[in-house]
Structure formats: C-alpha cells, structure tokens
Amino acid sequence: MQATRILPDLQCSLVCEEVRQEANGNLFLIGVINAIRVPQLPVVVGRLCLFNRWTAGIGQFNESTRLIAPDQTTVVSKGEMKFELRDPAHSATGVMVFGQVKLETAGTYYIEVLVDDVMKLRYPLVVVHAPAPGQSTTERPPA
C-alpha cells in the first residue's frame, strides 16, 4: 500500500534579515537574528524574513506562520503559503517576508509555525530596548 499523505517534519526555522538565491539555485541567509535590539519603542521593523524547510512528507500542505506579541495573544504579523512534497526524501523551502512589523514593547515575542493547522514549532524572539549611548531611558520632568 502506497501512502498518499504524510504530514511533513519541520527541518528548521530561522528568523533573518534577508534570504537571497545564488545563480546555482542555493539560498543563503543574511543576518540570522538572535534578538532584536532597538534604541526606542515602539519601532517599525522594515523587514523580517522567516526561513522554513520542510521534509519527510507526502502531499499538498498549507504553512501558517505568526509573530505573537509578549501578551501571547496579539498576532503582530502572519502569513500563509502552500507547498507540496511528492516524495519523503524531498524538501520544500519557504521564505515568509513580514514587512513593516510594528513592535510596541520590549519583551519576548514568539514565532509559531504550523502546517495544516498543526503546531510544529513555537520559539521565542526577544526584543530588547537598548538606548544609544548618552540617550536617557527616563523622561525628564518639565522645567
């Protein structure tokens, strides 16, 4: 009996500044992000790329990705894309680009990656308020 559908495994998920493709077809990731450090909040991040690689599945699937705020309920950004795996030995790579992402506060945000509404991975993305040298983090009282 031949399997007609096997839910895939998420091989990796990385947040980065940019994903580019070389002439030979290989992808390279630029600026893999461990944390986002910003001099002020709120801030609008022009572009966040989410690189996901799927493998070991058979069938057509719908990938959903979400960036969740520190309150763990507010969806800051989300996206969906379809992909297909015809053989478990194959892989499918998706790059989701979140543009103009407004980060209201410092704290731990979460990236959620789902396939066909099944959560495959949830991991933290920390936003740190790091004022520039000499910049005050408190307001001055009026004179």
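To keep things clear, this report deals only with the structure shown in the data block. Owing to the predicted nature of the structure, the values given are computational and were not obtained by experimental measurement.

**As for the overall build of the chain**
For step 1, the next point in the chain: When its secondary structure is counted, the chain shows 0 helices and 9 strands.
For step 2, the next point in the chain: Counting from the amino terminus, helix and strand elements in the chain follow one another as β-β-β-β-β-β-β-β-β.
For step 3, the next point in the chain: Seen through its principal axes, the chain has C-alpha atoms that stretch 80 × 35 × 20 Å.
For step 4, the next point in the chain: When contacts within the chain are restricted to residue pairs at least 6 apart in sequence, long-range pairs at least 24 apart make up 67% of them.
For step 5, the next point in the chain: Accessible surface, the chain as shown: approximately 8,800 Å² in total, 49% of it carbon and sulfur.
For step 6, the next point in the chain: Side-chain charges in the chain split into 13 positive and 14 negative, and the spacing between the mean points of these groups amounts to 2 Å.

**So, unusual backbone geometry**
For step 1, the next point in the chain: Residue P42 is bonded to the preceding L41 through a cis peptide linkage, with omega at -5°.
For step 2, the next point in the chain: Here P42 is to be found in the loop between β3 (35-38) and β4 (43-55).
For step 3, the next point in the chain: In the Ramachandran plot, Q100 falls in the positive-phi region, its phi being about 55° despite a non-glycine side chain.
For step 4, the next point in the chain: Tracing the chain through its elements places Q100 in strand β7 (residues 91-103).

**Here's the deal with the nonpolar core**
For step 1, the next point in the chain: Judged by nonpolar contacts, the single largest core of 27 residues is most densely connected at V15, I36, L48, L67, L103 and I111.
For step 2, the next point in the chain: Of all the secondary structure elements, the ones that give two or more residues to this core are β1 (9-21), β3, β4, β5 (59-68), β6 (75-85), β7, β8 (107-115) and β9 (118-129).

**Some thoughts on the pattern of salt bridges**
For step 1, the next point in the chain: The tally for this structure, following the rule as stated, stands at 6 salt bridges.
For step 2, the next point in the chain: For E112, the salt bridge identified is with R66, shortest N-O distance 2.7 Å. With E112 in strand β8 and R66 in strand β5, this residue pair connects regions lying 46 residues apart in the sequence.
For step 3, the next point in the chain: Linking K102 and E104 is a salt bridge whose minimum nitrogen-to-oxygen distance equals 3.5 Å.
For step 4, the next point in the chain: Its relative accessible area of 44% is what places K102 among the partly exposed residues.
For step 5, the next point in the chain: E104 gets classed as partly exposed once you look at its relative accessible area, which sits at 49%.
For step 6, the next point in the chain: When salt bridges with common partners are traced through the structure, they connect R66, E112 and R122 into a single cluster.

**Thoughts on the sheet that holds β4**
For step 1, the next point in the chain: Strand order in the open sheet formed by 4 strands is β2-β1-β4-β7, with antiparallel pairing between adjacent strands. Sheet topology places β2 (27-32) and β7 at the edges, where each strand pairs with a single neighbour. Strand-to-strand twist of the sheet, defined as the mean angle between neighbouring strand axes without regard to direction, takes the value 45°.
For step 2, the next point in the chain: Note that β4 and β7 share 12 bridges and pair antiparallel. Residue pairing for β7: R53 is matched across the bridge by T93.

What counts as what
- The numbering scheme is per chain: residues are counted from 1 as the chain's sequence reads.
- Reporting of local features is limited, given that this is a predicted model, to residues whose pLDDT is at least 70; pairs of side-chain atoms are given and counted only at 80 or more, and all residues count toward the totals for whole chains, interfaces and linings.
- Hydrogen atoms and water are omitted, and side-chain values are computed over all heavy atoms in the structure.
- A run of H or I in DSSP becomes a helix once it reaches four residues, and a run of E becomes a strand once it reaches two; helices and strands are each numbered from the N terminus.
- Between two residues, a contact is recorded if the distance between any of their heavy atoms is within 4.5 Å.
- Residue burial considers only the protein chains on display, and all accessible areas are found by Shrake-Rupley using a 1.4 Å probe.
- We count Lys and Arg on the positive side and Asp and Glu on the negative side, and we leave His and both chain ends out.
- A single reference atom marks each charge: NZ on Lys, CZ on Arg, CG on Asp, CD on Glu.
- As used in this record, nonpolar core signifies buried Ala, Val, Leu, Ile, Met, Phe, Trp, Tyr and Cys residues forming a set joined through side-chain atoms within 4.5 Å.
- Whether a residue is buried, partly exposed or exposed follows from its accessible area with a 1.4 Å probe, protein chains only, as a fraction of its type maximum: under 20%, in between, or over 50%, in that order.
- Any Lys or Arg side-chain nitrogen located within 4 Å of an Asp or Glu carboxyl oxygen qualifies as a salt bridge.
- Two strands pair if DSSP finds at least two bridges between them.
- Orientation is described by axes fitted as lines to C-alpha atoms, over the contacting stretch for helices, and by angles from 0 to 180 degrees between their N-to-C directions.

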